[in-house]
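# Coordinate analysis (summary)
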Amino acid sequence: MLGQYRELQKVYASKTAEQQADRKIFMLAAAVYVYDYTAKMVDLLGPIPFTTAGLLSTNGGDYLASSAKFDTAESIYTFLLDDLKRISTELNGITLNSGYQKSFQTQDFLNKGDVTAWKRYTNSLRLRLLNRVSDVESFKSRSNTEMAEILGNTTTYPIVETNAQNIQMNVYDINTDINSKGFQDGLESAGWFGNTAGKAMIDNMNANNDPRLPILFEPGASAAGKYIGIDPTATEATQTALFNAGQVAIYNRYTLSRNQFFPGILINAAQMNLIKAEYYLRTSNDASAKTAYETAITQSVQFYNGILALTNATGVTGSTKPAAATDASISAYIASNGVKWSSATTSADKLKLIATQKWLHYNLVQPYENWSDLRRLDYPTLSFQVDNANNQTLPPVRWTIPGNEITYNAANYAAVKSTDNLTTKIFWDVK
């Protein structure tokens, strides 16, 4: 992706000032999309080659000159925040050339040429990154100031606020290249452990009558309608016996794996309100935090209702398509003892409520966001077996740099080698 973006920059730089003005919207939109995924890579790996990466074509094929340095995770985040702020301002002042407006609409497979949607994407991404670094001492002031600026003036800085505004790649025709036909293999072909429900999540959803439970999961074939999850701390024999007995719940095939119209999710309304809830709690605005928290829950359930409504799933043996959650079930859930805002009396406990809803909402649909917030907030507290057969006995806190990068960019890799392990936290993981 970065290599393609650098080629786009190269072509754009060769144009006249007038031609650049006509085509600027393509560059702004491309940058936002690339920055979203750049941040995801930083959240997984820490330092990565970025500012000088992808320049082989620009450098005329000079391989040695194109070996890219590793930028620190902090410097990349700083750059992304700076440039997204610039892009936000430029989008507010842009006027599309009528000829290129149609071209942009045709080529923009994400937002279909909707400049306002690109504004929402840009500022929502800013909020996500600003909130992620909110506990880092060197970013605290910036985080609070810019989040306040965005949330205090959503006319100038529009964000995603409703599910109708979600930033996602919709599938319109499964016979085109944009479809989710591969979701079934991606989830179901990994063996029995690939599509099974975890005990912690199932227990939480059962205890609170979560209306998303039947939409996201199916009971085991012999579980008499009960939702039972796999305990990762149980022995292999216990786990296997439970599964072989048909007791273990699986991810719902109607909603997820066999839903060929499942959209590609980038930013959604529930996510934004959970970020707002965290920000308002942090800045001692309890009433606004409560409103954002409860709005997020409602939007999350409605989001999964909408995903279910898209399904064209077939061949789902031993199961029936679940019904959509009702408004009454959502209200009852928000008022339940394990969920309601008033059940928490301290800021720490209220943050746990928010963290739990992030975990439930992101689920396997937004795995990058889910793992990042699990590491950053250290909640929910999940238990795992200690694997003494490996040097890494517990789940890692980051990924390591891929082998090809180490082999072919050895000189630059040497600068980050000492931190390239599974136990060195990403810079925003300070708790």
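Preceding this paragraph is the structure being described.
Reading guide: rules and limits
- Counting restarts for each chain: residues are numbered from 1 in the order of the written sequence.
- Only residues with pLDDT of at least 70 are given local features in this predicted model, and only at 80 or more are side-chain atom pairs given and counted; all residues enter the totals for whole chains, interfaces and linings.
- Excluded from the side-chain calculations are hydrogens and water; all other atoms, namely the structure's heavy atoms, are used.
- What counts as a helix is a DSSP run of H or I of at least four residues, what counts as a strand is a run of E of at least two, and both are numbered from the N terminus.
- We take the radius of gyration over the C-alpha atoms and set the globule estimate at 2.2 Å times the residue count to the 0.38 power.
- Relative accessibility decides the category of a residue: with a 1.4 Å probe and only protein chains considered, values under 20% of the type maximum give buried, values over 50% give exposed, and everything between is partly exposed.
- Contacts are residue-level and defined by heavy atoms, with any inter-residue pair within 4.5 Å sufficient.
- For every accessible area listed, the method is Shrake-Rupley and the probe measures 1.4 Å; residues are considered covered only by the protein chains on display.
- Charge assignment: positive for Lys and Arg, negative for Asp and Glu; neither His nor the chain ends contribute.
- Taken as the charge location is NZ of Lys, CZ of Arg, CG of Asp or CD of Glu.
- We define a salt bridge as a contact between a side-chain nitrogen of Lys or Arg and a carboxyl oxygen of Asp or Glu at a distance within 4 Å.
- Any helix carries an expected span of 1.5 Å times its number of residues minus one.
- A pair of Phe, Tyr and Trp rings is counted when the ring centres sit within 6.5 Å of each other, with Trp represented by its six-membered ring. The angle between the planes then sorts it: under 30 degrees is stacked, over 60 is edge-to-face, the rest tilted.
- Geometrically, a charge over a ring is one whose NZ (Lys) or CZ (Arg) sits within 6 Å of the ring centre while staying within 35 degrees of the ring normal.
- Simply put, an axis is a line fit to the C-alpha atoms, just over the touching stretch for a helix, and the angle between two N-to-C directions goes from 0 to 180 degrees.
- With respect to orientation, any angle under 35 degrees is reported as roughly parallel, any angle over 145 as roughly antiparallel, any angle of 65 to 115 as roughly perpendicular, and every other angle as oblique.
- Residue polarity is assigned by list, with Asp, Glu, Lys and Arg as charged and Ala, Val, Leu, Ile, Met, Phe, Trp, Tyr, Cys and Pro as nonpolar; anything else, Gly included, falls into the polar class.
- Contacts described as polar in this section are N or O atom pairs within 3.5 Å, which, within protein, must combine one atom able to donate a hydrogen with one able to accept it, while residues neighboring in sequence count only if both atoms come from side chains.
- By nonpolar core is meant a set of buried Ala, Val, Leu, Ile, Met, Phe, Trp, Tyr and Cys residues that side-chain atoms within 4.5 Å join together.
- In this analysis, a patch consists of residues with relative accessible area above 30% that form no salt bridge, clustered at 9 Å for like charges and at 5 Å for the nonpolar side chains Val, Leu, Ile, Met, Phe, Trp and Tyr.

The next point concerns the overall build of the protein. On a plain count of helices and strands, the protein comes out with 17 helices and 6 strands. For 431 residues, the compact-globule estimate of 2.2 N^0.38 gives 22 Å, and the C-alpha radius of gyration of the protein, at 23 Å, lies within 12% of that figure. Counting only C-alpha atoms, the protein reaches 70 × 50 × 50 Å along its principal axes. Relative to its full complement of 431 residues, the protein shows a buried share of 47%. In the protein, of all internal contacts separated by at least 6 residues, the share reaching a separation of at least 24 is 73%. For the protein, the exposed area adds up to about 19700 Å²; of that, 53% sits on carbon and sulfur atoms. One finds the centroid of the 38 positive side-chain charges in the protein at a distance of 3 Å from the centroid of its 39 negative side-chain charges.

This part is about the pattern of salt bridges. For the structure shown, the criterion picks out 28 salt bridges. The salt bridge involving Asp36 is made with Arg128; its shortest N-O contact spans 2.9 Å. Of the two residues, Asp36 sits in helix α2 (residues 17–45) while Arg128 sits in helix α5 (residues 115–132), which places them 92 residues apart along the sequence. Here the two residues Asp36 and Arg128 agree in accessibility, since each one is buried. Here Lys276 ties to Glu161 by a salt bridge, and the two come within 3.9 Å at their closest N and O atoms. Of this pair, Lys276 sits in helix α11 (residues 269–282) while Glu161 is found in the loop between α6 (140–151) and β3 (167–169), placing the two residues 115 residues apart along the sequence.

Moving on: helix α1 (residues 2–13). Between its terminal C-alpha atoms α1 stretches 16 Å, which fits the 16 Å expected from 12 residues at 1.5 Å a residue. In this fold, the buried residues of α1 make contact with α2.

With that settled, consider the packing of aromatic side chains. Tallying each qualifying case throughout the model produces 13 aromatic pairs. Seen in terms of ring centroids, Tyr35 and Phe79 are 5.6 Å apart; in terms of plane orientation they differ by 75°. Their pairing is edge-to-face. Here Tyr35, found in helix α2, pairs with Phe79, found in helix α3 (residues 73–93); they are 44 residues apart in sequence, far enough to count as distant. Note on Tyr35: relative accessible area 3%, which makes it buried. For Phe79, a relative accessible area of 33% corresponds to the partly exposed category. The structure contains a cluster of three or more aromatic residues connected by ring pairs, namely Tyr35, Phe50 and Phe79. Cation over ring: Arg6 sits above Phe50, and NZ or CZ is 5.5 Å from the ring centre. The ring of Tyr37 carries Lys40 above its face, with NZ or CZ at 5.1 Å from the centroid.

Here we come to the packing of α11 against helix α14 (residues 347–362). Between two packed helices, the angle of one axis relative to the other and the distance separating the axes together describe the packing. Closest axis-to-axis distance for the α11/α14 pair is 10 Å, and the angle between their directions is 170°. With respect to their mutual orientation, α11 and α14 come out roughly antiparallel. The residues of α14 that touch α11, namely those facing Ala270, Gln271, Leu274, Ile275, Ala277, Glu278 and Leu281, are Ser347, Lys350, Leu351, Ile354, Gln357, Lys358, His361 and Tyr362. Among the residues making up the contact of α11 with α14, the classes are represented as 8 nonpolar, 4 polar and 3 charged.

Turning our attention to the side chain of Asp83. Relative to the helices and strands, Asp83 resides in helix α3. Given a relative accessible area of 15%, Asp83 falls into the buried group. Separated by 2.7 Å, the side chains of Asp83 and Arg86 make a polar contact.

Tyr379 connects to Pro380 through a cis peptide bond whose omega is -5°. Counting through the fold element by element, Pro380 comes out in the loop between α15 (367–377) and α16 (403–408). Of note in this structure, Asn209 is not a glycine but carries a positive phi near 50°. Position of Asn209 among the secondary structure elements: in the loop between α8 (199–207) and α9 (213–216). For Ala224, which is not glycine, the phi torsion reads 55° and is therefore positive.

Below, the discussion takes up α3. Taking 1.5 Å of rise per residue, the 21 residues of α3 would be expected to cover 30 Å, and the 31 Å separating its terminal C-alpha atoms lies within 8% of that figure. Residues of α3 that are buried: Ala73, Ile76, Tyr77, Leu80, Leu81, Asp83, Leu84, Ile87, Ser88 and Leu91. As for α3, its buried residues are in contact with α2, β1 (48–49), β2 (70–71), α5 and α6.

A few words on the nonpolar core. Counting 108 residues, the largest nonpolar core has Tyr35, Tyr121, Phe217 and Phe427 as its most contacted members. Considering each element in turn, this core owes the most residues, 14 residues, to α2. Here Phe427 is in contact with Ala73, Glu74, Tyr77, Val133, Val136 and Phe139, once residues within four sequence places are set aside.

This brings us to a nonpolar patch on the surface. The grouping of Leu56, Tyr63, Leu64 and Tyr408 at the surface amounts to a nonpolar patch, some 490 Å² of accessible area in total. You can see Tyr63 is positioned in the loop between β1 and β2. With a relative accessible area of 46%, Tyr63 lands in the partly exposed category.

Take the side chain of Asn370 next. You can see Asn370 is positioned in helix α15. In this view, Asn370 contacts Lys358, Trp359, Tyr362 and Asn363; residues no more than four positions away in its chain are not counted.

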